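Listed below, chain by chain, are the residues.
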Amino acid sequence: MPLDLHYSCPRCGGILEVIYDYAALDKSEAVATFTKSTLTSLWRFAPLLPVGEAANRISLGEGNTPLLLAERLGKKLGVTSLHLKNEGTNPTASFKDRPTSVGISVAKELGATRVIIASSGNAGAAAAAYAARGGLSCVVVMPQGTPIGKVAQAVSCGARVIYTRGSYSSSYKLALDSSAAFGWANLTSTFLNPYTVEGDKTVAFEIWEQLGRRVPDWVIIPIGAGPLLVGTLKGFDELRMLGLTDGVPGMIGVQSEAVHPVADAFASGEEVVKEWYGSTKTVSSGIADPLVGYPQDGTLTLNAIKKTHGQCLIAPDKVAIALGRTLAETEGVFVEPTSAIGIYAVGELKTAGIIRSSDTVVVVLTGHGLKTPDAYTGFSEEPPIADSPKVLRSIIESEPQPNLLHGR
Ligand SMILES: *Cc1c(COP(=O)(O)O)cnc(C)c1O
C-alpha cells in the first residue's frame, strides 16, 4: 500500500505499520549514511524514514540525545552498566519530538496544511512547535488538568488548544472524530498515525551506536499505549534485518499505579489488553492512557514485550517523585515523574534477579523535569533568605535544608 493518510487498514481495520524494501536497501550505504551524515537530527537516518523529499522534513534538531553512563546511580541499584537515554534534551524537552517530526513531515509531504493531535501534554507541545516550524496550523486536544508547562508550550507555539473532560481517551476520540469530519491530518502518536512510530524507532539506532554498535540486554520505557516501546523494538529489529546485530534487547514497560491496563494483562497472562475504567489521576500523567476505544494498541505493546521475553511493571505514584529526586541528586538529570518510574523497574527487577548486575541496561528518560516543576516544588519549602556570607554559611552548616534534595 502506498503512503497515505490512513489511520487503520482499509481491509481489516487493524493497526498499520510502515515497512521498507529492506532487501533493496544497500546496507553498507545505509549505515554509511547514518555515520557520515553531518545532520545533527534523527534525519540522518533518512534511508529508514518514510519521507521522500528532504524539503518536506520539518526539523528542530530532534534526536541525538545523550546516553549517559550512570555510575553513581548504578552503584546504588547494583547494576554496573546502567545508562540513561536523556530525551529531555530534545527541542521541546521530551521524546515526542521524534514521532512528531516524522509524522508531521509525512503529513506535509502528503499535502496537509492543518494537523490535529490528541495528547497528554508532551505530544501536543511538540506538534505545536513543529507545526509552527513547518508553517502548518495545529489543533491540540488535551484532557483538562494537563500539566500547565506543556499547555503553555502548545499555546505559545500558536496551536489552538482544546480541553476535553475526562481522560486522555476522550481527547483521543475528539481528535479522531474531528480529523475524520474535516479531513485534517491526525498526528496522534498512539498507533493511530503509523508514521510517528518511525520517529520513535530512532531511539534504538542511537542506543546501538552509542553503546559501540551493540544492543543492550534491557531497555526500560514508561508506557501509555506504548508506541515508544514498540517503535524502539522496531528499530532494533531493523538493525537485525540489516545484519548489524544478532538479537534485540528485553523490552521492559512500566505503567503507573493509577492506570495499568497493559501491565494487568501481562501479569495475568492474558492475550489481549482490556480498556481501563476508573480514575486516571496520577502524577505520571504522561502515561495515563486508559485505552478506551483502542485497547488493541495496548495488545500490540503487550505482544512486543512478550516477544522479547521482557517485563511489564506497575510503579506506585509516590516513588515517581522520590525517584525523580534521587535521579536528579545522584546524576544531575532532572526528569518529569512519568520518566522517573523507569528507575523503579531497575531496582525491582534487580532485586527479583531478572536484571543481573553485569547486564547492560538502558532507561529511556522520556521528558524533562521542567515540564512539571510543581510536581517537585510542592514537596519543598521555600529556600531560606541570607544577606551576608556569614548568614549563608551558618544556614548551610546548620540543619539539613528541607529543600528539593532532602525533602521533609
Ligand atoms: C507520551 C509519553 C510517554 C509514553 O509514551 P507512549 O509512546 O505514548 O507509550 C512516556 N513518558 C512521557 C514523558 C510521555 O510524554
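Everything numeric in this text was worked out from a predicted model, so none of it was measured.

J.: Looking at this structure, how should I read the overall build of the protein?
T.: Of regular secondary structure, the protein possesses 15 helices and 10 strands. Reported as C-alpha extents along the three principal axes, the dimensions of the protein are approximately 70 × 45 × 45 Å. Here the protein holds 408 residues, and 56% of them are scored as buried. Contacts in the protein between residues at least 24 apart in sequence constitute 71% of all its contacts with a sequence separation of at least 6. Surface accessibility of the protein: about 17100 Å² in total, with carbon and sulfur atoms responsible for 54%. For the protein, the distance from the average position of its 35 positive side-chain charges to the average position of its 39 negative side-chain charges is 2 Å.

J.: Explain the environment of Glu-271 here, please?
T.: Examined against the element boundaries, Glu-271 turns out to sit in the loop between helix H10 (261-268) and helix H11 (295-307). On a C-alpha basis, the gap between Glu-271 and Lys-96 in space is 28 Å, while along the polypeptide they are 175 residues apart. Residues within four places of Glu-271 in sequence aside, it is in contact with Thr-299, Leu-302, Asn-303 and Lys-306.

J.: Sorry if this is basic, but what is going on with the site of the ligand here?
T.: The immediate surroundings of the ligand are formed by 16 residues, with Lys-96, Asn-122, Gly-224, Leu-228 and Thr-366 found nearest. In this structure, Gly-224 approaches the ligand through a main-chain N or O atom, which is 2.9 Å from an oxygen atom. Within the complex, the protein chains bury 96% of what would otherwise be the 380 Å² of accessible surface of the ligand. The site holding the ligand turns out to be the largest cavity. In terms of residue class, the shell around the ligand is made up of 7 nonpolar, 7 polar and 2 charged.

J.: Sorry, what's going on with the side chain of Ser-171 here?
T.: As for its position among the elements, Ser-171 is in helix H6 (residues 168-182). Discounting chain neighbours no more than four positions away, the residues touching Ser-171 are Ala-118, Val-141, Met-142, Pro-143 and Thr-164.

J.: Even after reading the chapter, I still don't get the layout of surface pockets, so can you show me in this structure?
T.: Take a probe with the size of a water molecule and roll it over the atoms, and the empty space left behind shows itself. By volume, the largest pocket is sized at about 440 Å³. Lining of the largest pocket is provided by 19 residues; of these, Gly-145, Thr-146, Pro-147, Thr-282 and Ser-285 occupy positions nearest its centre. Tallied by class, the residues present in the lining of the largest pocket amount to 7 nonpolar, 10 polar and 2 charged. If you add up the space inside the second largest pocket, you get close to 370 Å³. Surrounding the second largest pocket, 20 residues form its lining, Glu-17, Val-230, Lys-234, Leu-300 and Lys-307 being those nearest its centre. Broken down by element, the residue count for the lining of the second largest pocket peaks at 6 residues, all from helix H9 (residues 227-241). Partitioned by chemical class, the residues of the lining of the second largest pocket number 13 nonpolar, 1 polar and 6 charged.

J.: Explain the pattern of salt bridges here, please?
T.: Where charged atoms from two side chains of opposite charge come close, those side chains can pair. Counted according to the given criterion, the structure contains 15 salt bridges. Measuring nitrogen to oxygen at the nearest pair gives 2.8 Å for the salt bridge that ties Lys-85 to Glu-206. With Lys-85 in strand S2 (residues 81-86) and Glu-206 in helix H8 (residues 202-210), this pair connects stretches of sequence that are 121 residues apart. For Glu-206, a relative accessible area of 1% translates into the label buried. Glu-238 serves as the salt-bridge partner of Lys-234, at 3.0 Å between the closest nitrogen and oxygen. With Lys-234 and Glu-238 both in helix H9, this residue pair falls 4 residues apart, about one helical turn.

J.: What exactly am I supposed to notice about the sheet that holds strand S4 (residues 137-143) here?
T.: Two strands in a sheet stick together by hydrogen bonds in their backbones, pointing the same way (parallel) or opposite ways (antiparallel). If you walk across this open sheet you meet the 4 strands as S5-S4-S3-S6, and the pairing is parallel. Every interior strand has two partners, whereas the edge strands, strand S5 (160-164) and strand S6 (185-186), have only one. Strand direction decides the pairing type here: strand S3 (residues 114-118) and S6, joined by 2 bridges, are parallel. Its bridge partner being in S6, Ile-116 is matched across the sheet by Asn-186. Contacting S3 and S4, helix H4 (residues 122-134) crosses the sheet at an angle of about 170° to S4.

Conventions we followed
In this convention, every chain numbers its residues from 1, walking through the sequence in written order. Side-chain atom pairs in this predicted model are given and counted only at pLDDT of 80 or more, local residue features only at pLDDT of at least 70, and totals for whole chains, interfaces and linings cover all residues. Excluding hydrogens and water, the side-chain values take into account all heavy atoms of the structure. Working definition: helices are DSSP H or I runs of at least four residues, strands are E runs of at least two. Numbering for both runs from the N terminus. Categorising residues by exposure relies on relative accessible area from a 1.4 Å probe, with only protein chains included: less than 20% of the type maximum marks a residue as buried, more than 50% marks it as exposed, and the intermediate range marks it as partly exposed. For this analysis, residues touch if any pair of their heavy atoms sits within 4.5 Å. Methods summary: accessible areas were calculated by the Shrake-Rupley approach with a probe of 1.4 Å, and residue burial reflects only the protein chains presented. By the counting rule applied here, Lys and Arg register as positive and Asp and Glu as negative, while His and the ends of each chain are not counted. Taken as the charge centre is NZ of Lys, CZ of Arg, CG of Asp or CD of Glu, depending on the residue. To be near a molecule or strand, a residue needs just one of its heavy atoms within 4 Å of it. Here a polar contact is recorded for every N or O atom pair within 3.5 Å, except that within protein the pair must consist of a potential hydrogen donor and a potential acceptor, and residues adjacent in sequence are included only if both atoms are side-chain atoms. With a 1 Å grid laid over protein atoms only, a set of points is called a cavity when a 1.4 Å probe fits there but cannot get out and a pocket when it is open yet has protein on both sides within 12 Å along at least five of seven lines; lining residues have an atom within 4 Å of a point. The way we define it, a molecule is inside a pocket or cavity when more than half of its atoms are within 2 Å of that pocket's grid points. Residue polarity is assigned by list, with Asp, Glu, Lys and Arg as charged and Ala, Val, Leu, Ile, Met, Phe, Trp, Tyr, Cys and Pro as nonpolar; anything else, Gly included, falls into the polar class. Grid points are joined across faces, edges and corners, and a volume is the space filled by probe spheres set on the points. Put simply, a salt bridge is a Lys or Arg side-chain nitrogen that is within 4 Å of an Asp or Glu carboxyl oxygen. Strand pairing is assigned whenever DSSP detects at least two bridges linking the two strands. Between N-to-C directions, angles cover 0 to 180 degrees, with each direction set by a line fitted to C-alpha atoms, over the stretch in contact for helices.

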